Amino acid sequence: FYCEKELKVSRFNKDDQIRDHRDNDTTPKEYYLGYGLVIYYNDEYLGGELNYPELGITIKPKAGSALLHGGEILHGSLPVLDDTTRYFSTIFMRGNDEYPIVLNKDLPF
């Protein structure tokens, strides 16, 4: 499987958000996107929650946490409501037919 080689830190300021989307793409490619992993560095901002509209889930992860979701799941983030910057990194895990993405069922979570 493949992950980005560099970890990029993103920042959202007041009113910034990510519209609802799916990470995977139905366009034929040499790889498919299996999972998205978001790392949260801070949580003192207002708003900015992660939203899964089809699942009816909205969550504001704590600083230092990471959230993993399947590439086919519709998600987005709500706007940041104050002047505190939201810091995060997103990592995409890609696979192909020869090297598929499979989570280890023995992981302790």
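Residues numbered from 1 in each chain as written. Predicted model: local features only at pLDDT ≥ 70, side-chain atom pairs only at ≥ 80, totals over all residues. Heavy atoms only, no water.

With that settled, the discussion passes to a nonpolar patch on the surface. A cluster of nonpolar residues, Leu-7, Val-9, Tyr-41 and Tyr-87, forms a patch on the protein surface that exposes about 370 Å² of accessible area. Here Val-9 shows up in the segment before strand 1 (10-12). Given a relative accessible area of 53%, Val-9 falls into the exposed group. (Patch = residues over 30% accessible without salt bridge, like charges linked within 9 Å, V, L, I, M, F, W, Y side chains within 5 Å. Areas by Shrake-Rupley, 256 points an atom, 1.4 Å probe, with all protein chains shown as cover. Salt bridge = Lys/Arg side-chain N within 4 Å of Asp/Glu carboxyl O. Helix = DSSP H or I, 4+ residues; strand = E, 2+ residues; numbered from the N terminus. Buried < 20%, exposed > 50% of the residue type's maximum accessible area, 1.4 Å probe, protein only.)

Among the structural elements, His-75 can be located in strand 7 (residues 75-77). The class of His-75 is buried, set by a relative accessible area of 5%. Only 3.3 Å separates the side chain of His-75 from the side chain of His-69, close enough to count as a polar contact. In terms of polar contacts, His-75 uses its side chain to reach the backbone carbonyl oxygen of Ile-73, at 2.8 Å. Among residues more than four places away in sequence, those in contact with His-75 are Arg-19, Asp-20, His-21, Arg-22, Asp-23, Leu-50, Asn-51, Tyr-52, Pro-53 and His-69. (Polar contact = N/O pair within 3.5 Å; in protein donor to acceptor, adjacent residues only side chain to side chain. Contact = heavy atoms within 4.5 Å.)

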